[in-house]
Structures are given as structure tokens and as C-alpha cells.
Amino acid sequence: MAHIIVVGNEKGGAGKSTVSMHVATALARMGHSISALDLDLRQKTFGRYAENRNKFLAKTGLELPSADYHDLPEIDKSALKPGENIYDHRLSAAVATLDPDNDFILIDCPGSHTRLSQVAHSLADTLITPLNDSFVDFDLLARIDSDGETILGPSVYSEMVWSARQLRAQAGLKPIDWIVVRNRLGAQRMVNKEKMQRALEKLSKRIGFRTAPGFNERVIFRELFPRGLTLLDLKDIGVKQLNISNVAARQELRDLMKALNLPGVSVDF
């Protein structure tokens, strides 16, 4: 049975697709079979990433380990029973098809609240929530007092994850391992950064997630997108000497993969 990784956050610009592509490629490079779905049916950033990668590999003749990207299958509406949601069936059909042939299925969710995203969260064995290191993004998880310290209560996204957890419990499935990834961290030691750390530590104990460091803000991610490449591909495309920023970014990915603690995965890059 495939282990399902869902990358979700209802706010755009948190780096979900960048995290998704790097986690998926890292798993493929470590020899795991992995398929991926993009539930942002309008923008499809992850899907574009995969498409760019396939075009680049075809153009250059290179063979690089990659996740198998799949679009959601179409469903005959006439086959639906009254009250059934077509999006539920499209996602469940995709997962059922991919499950027997993969170690992992990665699902990249849109930066908004959708029915597809709701269903995906209830399927998650591992939930990765990239979060910009900002109280603007923190507000998605919890409401916080003006002192930046006192948590007033969970917010909309946390409540949605709680509902997904309840659905899994009712179905007799194991709990979601929820990891909030602090993305776009600044290198400087700042008061806001330290307050974020304390607030996340408090909230993690209250609503049940783990935290992990993500990626610093780096130009390399934007540069790699048109070719569908990741940090792990640089040497294979002829980059003989990685600069300091690239080496640091690889280490950030290594630390993230270790923090995820995915079953059967030994981080060896």
C-alpha cells in the first residue's frame, strides 16, 4: 500500500509546489517508486514543473530519476449516484489506480479551500504544510493576540485538518503525521523570527503537529523551474562546482527529508 504524502496550505505563495517537487524527486532518486497529483486544476504549478522536466529531458537526452506525474481521471457524471461529488470520485479513482504500483503518492494541494483539498487531507498519512515565516501566514493556523505570543484559538486551516483527522479515526486509519515546514526563513536573527518559533512551539503542542525547517529564500528555485529541475539534478546537468548557496540549499533539503521520517526512507544524498 502506498504511503500518501499531502502538501497542503490554503494560502498561496508558501512554496508548496517547490517543496512537492523536491520531496518527490528526492524519493525517486533514492530508488522509491512515486507518483504525483496536482489538485490545483487551474494553475497546476506542480504539473507545469513536471511538464517542464519531461521537455527538458527529451531535449537533452538525459535520464534523471523523476516522479510519475498524473492528471486526475475523468469520471462519467451519469454513473454518479444522487448527492455524490464528482471530485471525490476523480481523486479516489486516481489513488486507487496508483496505490498498487507505488511506494509513495504525493498530492500537491491548491492554495485555497476546495473540495478536492479537503478530501486529499483525509487521505494523508503524512501532511506537509509549508509556511512562510510570517505572522500573516501563521494566522492560517491560529489566531494570535497583538503581543505575538498569546494564542487565542485555532484558525480555518487547522480546523480543516482536525476534521480530516476525525474522518480518518472514524475509518479506523492511522493518525496523520502533520509537519509544519518553516519556509523562506531569513538568515538573520530577528525578533519576529524568534516570536514565530515560540508561537509555533506552543501551537504544535496544542493542536498536534511537528515543525521542520524548510528552504531559505533563494533565487535558484525560480531559475530551475523552466527546466523542471531540482537542486539534486545540478551535477547531472553538468554543474561541476556548486556555489555556497546551492550547497546550503541541498543541506536544507536533506534536513527536511530526515525530519519527515517517511517509512522505509534512508536519506542518502
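Refer to the structure above for everything that follows.
Note that the structure is a prediction, hence the values are computed from the model and not measured.

Enquirer: Would you explain the environment of Gln 118 in this entry?
Expert: For Gln 118, the position within the fold is in helix 4 (residues 115–123). The exposure class assigned to Gln 118 is partly exposed, which follows from its relative accessible area of 34%. Spatially, the C-alpha atoms of Gln 118 and Ala 26 are 26 Å apart, while their sequence positions differ by 92 residues.

Enquirer: How do you make sense of the pairing of strand 1 (residues 3–7) when you look at a structure like this?
Expert: For a regular strand, the rule is simple: side chains alternate between the two faces of the sheet. Among the five residues in strand 1, five count as buried, and that is most of the element. Bridge count for strand 1 against strand 4 (residues 104–108) is five bridges, and the pairing is parallel. Along strand 4, the bridge assignment pairs Val 7 with Asp 108. Bridging between strand 1 and strand 5 (residues 126–132) involves three bridges; their strand directions are parallel. Along strand 5, the bridge assignment pairs Val 7 with Ile 128.

Enquirer: When you look at the pattern of salt bridges in this model, what are you seeing that I'm missing?
Expert: Pairing is possible between side chains of opposite charge, provided their charged atoms come close. Across all of its chains, the model carries 14 salt bridges by this definition. In this structure, the salt-bridge partner of Glu 51 is Arg 48, at a minimum N-O distance of 3.3 Å. Remark: Arg 48 and Glu 51 occur in helix 2 (residues 45–60); sequence separation between them is three residues, near one turn of the helix. With a relative accessible area of 32%, Glu 51 lands in the partly exposed category. With a shortest N-O distance of 3.1 Å, Arg 168 and Asp 125 are connected by a salt bridge. In this pair, Arg 168 sits in helix 6 (residues 156–170) while Asp 125 sits in the loop between helix 4 and strand 5, placing the two residues 43 residues apart along the sequence. Of the two residues examined, Arg 168 and Asp 125, each falls in the buried class. It is possible to trace a salt-bridge network through shared partners that takes in Arg 29, Arg 53, Asp 233 and Asp 236.

The rules behind each value
Residues numbered from 1 in each chain as written. Predicted model: local features only at pLDDT ≥ 70, side-chain atom pairs only at ≥ 80, totals over all residues. Heavy atoms only, no water. Helix = DSSP H or I, 4+ residues; strand = E, 2+ residues; numbered from the N terminus. Buried < 20%, exposed > 50% of the residue type's maximum accessible area, 1.4 Å probe, protein only. Pairing = 2+ DSSP bridges. Salt bridge = Lys/Arg side-chain N within 4 Å of Asp/Glu carboxyl O.

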